[in-house]
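Each chain, written out:
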There are 2 protein chains.
Amino acid sequence: MSKAVPAEKRASAKPTINDIARLAGVSKKTVSRVINQSPLLNEDTREKVKAVIRDTGYVPNPQARALALGRNFLIGIIHDNPNAQMILNMQQGILEALRDTEFEMVVRPVDRGSATMMDDIRSFIMRQRLYGVVIMPPISENDEIARLCRELGCRYVRMGSARLDDDAHMVASNDRDVVAEATRYLIAQGHRRIGLVAGPHGFRSARERREGFESALAEAGIRLPRNLIADGQYTFESGITATESLLDQSPPPTAIFASNDEMAAAVLYTARERGIAVPEELSIVGFDDTPIASRVWPPLTTVRWPIVAMGRSAALKLIRGLDSGDDEGGEPSTFLSTLVRRGSVAPPTRTD
Amino acid sequence: MSKAVPAEKRASAKPTINDIARLAGVSKKTVSRVINQSPLLNEDTREKVKAVIRDTGYVPNPQARALALGRNFLIGIIHDNPNAQMILNMQQGILEALRDTEFEMVVRPVDRGSATMMDDIRSFIMRQRLYGVVIMPPISENDEIARLCRELGCRYVRMGSARLDDDAHMVASNDRDVVAEATRYLIAQGHRRIGLVAGPHGFRSARERREGFESALAEAGIRLPRNLIADGQYTFESGITATESLLDQSPPPTAIFASNDEMAAAVLYTARERGIAVPEELSIVGFDDTPIASRVWPPLTTVRWPIVAMGRSAALKLIRGLDSGDDEGGEPSTFLSTLVRRGSVAPPTRTD
DNA sequence: TTGTATGCGTTATCAA
DNA sequence: TTGATAACGCATACAA
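Residues numbered from 1 in each chain as written. Chains lettered and ligands numbered in written order. Predicted model: local features only at pLDDT ≥ 70, side-chain atom pairs only at ≥ 80, totals over all residues. Heavy atoms only, no water.

1. Examining the protein's contact with DNA strand C
In step 1: Of all residues adjacent to DNA strand C, which total 25 residues, the nearest are T30 and T45 of chain A together with I17, S32 and Y58 of chain B.
In step 2: When the atoms of DNA strand C within 4 Å of the protein are sorted by group, sugar and phosphate make up 61%.
In step 3: The separation between a base oxygen of DNA strand C and a polar side-chain atom of R33 of chain A is 3.0 Å.
In step 4: Contact between DNA strand C and N42 of chain A: a phosphate oxygen at 2.9 Å from a main-chain N or O atom of the residue.
In step 5: Counting only elements with at least two residues in the surface near DNA strand C, the list comes to α2 (28–35) and α4 (62–69) of chain A together with α2 (28–35) and α4 (62–69) of chain B.
In step 6: It is α4 of chain B that provides the largest number of residues to the surface near DNA strand C, a total of five residues.
In step 7: Per-class residue counts for the surface near DNA strand C are twelve nonpolar, eight polar and five charged. (Near = heavy atom within 4 Å. Polar contact = N/O pair within 3.5 Å; in protein donor to acceptor, adjacent residues only side chain to side chain. Helix = DSSP H or I, 4+ residues; strand = E, 2+ residues; numbered from the N terminus. Nonpolar A, V, L, I, M, F, W, Y, C, P; charged D, E, K, R; others polar.)

Next comes the structure, spelled out in structure tokens:
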């Protein structure tokens, strides 16, 4: 090919694989092998090329790689989560794992109410040729999405409150266990009439937390009257309504476990509104350890799950999937949440 | 689930521009012209090709376009923001603008303390060949980053509390005005000793809010003693310290304006800790209208800025930059924040 | 162990 | 107004 047409390349132009090959006196393919860490390469050649790459500051063009490989170096994060802090913590964990790799993170909020949600996700994955996706709760509980990912050949990891999938596709917390622990803590403080603000029907996390709550009561031989369970939707507003129905009982509960912090904050808010002293007349336990839990007065006893670590692990599962088929000896799949004890729990001052 | 969807979407058989050209009986360049809305095209040809595109469900491959064009269809969002809700609202606004376009959003948190921050941003923009970036406060106040974007030929829009750049590169709120309004509201309630929890030095938003506060006091002829100004860092913890120093004054203020909600929550927290009744003994005003403002008791009077609309506008400024050189008659650059009155303000019960 | 030729899906050049 | 052909930067088969 003649060099009549192309103009003299500017010194500032980004070097390409051709420049490296020319400067190192090898073919492009050899440079490509160095980049992709091919095992069959003479060490001297490898070092020579590496030196040129260092000197020139060469970085492979991700778009060209994406085109040639038929897939992009993008990790998607799919969520329909109202909890901003959780999403950001997850993003932080994922980005920690992606730091110093060629991957970038793209975010896609979805609307579970939308009729086109599955198609949206499909075109998101297809168009961007995503390398993999991390699916956040509660949308992660939707098995359809996991099936779609498999169908499209897109790696995925789901985050959730229980094991919904095999180890390679899951980072889970032990919601049931830790809620049982939290409930035992309330019982140990002397509480017997304990109310539950449950999460929405159909949410696995809601079920896990409820079952943990119920199992701890059963284990202590405490009967749970039906009217001490109020349904919530994980929102502050629904928490208000649920709390009102609990506090209207006679006698009212001396403690309430709310299935997330939003609703726990609503319990506290409602108690204040009614002039009920917390924790003296009413103890409260939440779940998530979002910032709000530590910013209200009194600060809320709650459950903290290691979301950043889960995000990091989820991303590593995705990008490590390259070399190791299974995940044994790799990233953990279950993460232990812990009870954080703050000022919203005290022994009951009233006994019935 | 999505069986009604046209079968062309199968992963195995994605049509390419060649397929469209063959089916339409034209060259690929002509198809390319249709895709890119080239003006010099026979209408009949255009319609014919469009019909084939519709029928096949053809979608151009973004990776190939990125390679050929030398730039990607990605909008970056750069932030170093501790306020999760603000980031998510911004993301929502940007995504609303990007919906039904070929653009995707990629998120990049940065660490202003890091020595490599500028290099991180540079390589982020260069490697991904970003189409444009939205820069969130407070990092948006850094003029170096704007200069870097210009140098790299990357479009950018900054979000901030004041106009730091020209219209095409800025979405700003009127912090100074609205804080003056909030302060006048406190004065109208009868407050004279009003404390300020200021934001960090060097933050433009902190300066704007402080100046709005001071101007309203000056305008009412109220002298602001030096010891009624406490420095904060926009964090809850710093708000605690600042509030303590204010409440230790004698006499203490009857109202406090905190430069963001995190610190306003800290004011409330500290007041509760000391048994000071809010709003009877102490009125509180915050800024941001984050979820926490409406979830504490009493709910906080605060300033709400239209972040979703600002995000939408920022993204539109970026992707509209194509056809219209200037931004006249286009997206607005200034957005009006509003005072949200809740229960944390009341007339003072004590007069000095 | 290394190189050559070709493909990935699109856009740009320039001639028809 | 349209089309043949060459980029774009990298990876893979297949040779050497």
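2. Some words on unusual backbone geometry
In step 1: Note the cis peptide between P137 of chain B and P138 of chain B, where omega equals 5 degrees.
In step 2: Within the element layout of this structure, P138 of chain B appears in the loop between β3 (132–135) and α7 (143–152).
In step 3: Looking along the chain, the bond that leaves W297 of chain B and enters P298 of chain B is cis, with omega of -10 degrees.
In step 4: Phi is positive for D100 of chain A, close to 65 degrees, though the residue is something other than glycine.
In step 5: Position of D100 of chain A among the secondary structure elements: in the loop between α5 (84–98) and β2 (104–109).
In step 6: Classification of D100 of chain A by relative accessible area gives exposed; the value is 78%.
In step 7: Positive phi values are uncommon outside glycine, yet Y234 of chain B reaches one of about 70 degrees. (Buried < 20%, exposed > 50% of the residue type's maximum accessible area, 1.4 Å probe, protein only.)

3. Considerations on the pairing of β3 of chain B
Residue and element names in this part refer to chain B.
In step 1: Burial along β3 is two-sided: G132 and V134 and V133 and I135, pointing in opposite directions, are all buried.
In step 2: Alignment of strand β1 (residues 74–79) against β3, held across four bridges, turns out to be parallel. The residue of β3 that forms the bridge with G76 is V133.
In step 3: In terms of strand pairing, β3 meets strand β4 (residues 155–160) through four bridges, oriented parallel. From the neighbouring strand, G132 faces β4, where its bridge partner is R155. (Pairing = 2+ DSSP bridges.)

4. Observations regarding the sheet that holds strand β7 (residues 229–231) of chain B
Residue and element names in this part refer to chain B.
In step 1: If you walk across this open sheet you meet the four strands as β7-β6-β8-β9, and the pairing is parallel. Strands at the two margins of the open sheet, each flanked by one partner only, are β7 and β9 (283–285). Within the sheet, the average angular offset between the axes of one strand and its neighbour, ignoring direction, is 20 degrees.
In step 2: The sheet contact formed by strand β8 (residues 255–258) and β9 spans three bridges and is parallel. Within β9, the position partnered with A255 by the bridge is S283.
In step 3: Against the sheet, helix α8 (residues 175–188) contacts β6 (194–198), β8 and β9, and its axis sits at roughly 170 degrees relative to β9. (Axes fitted to C-alpha atoms, helices over the stretch in contact; angles between N-to-C directions. Contact = heavy atoms within 4.5 Å.)

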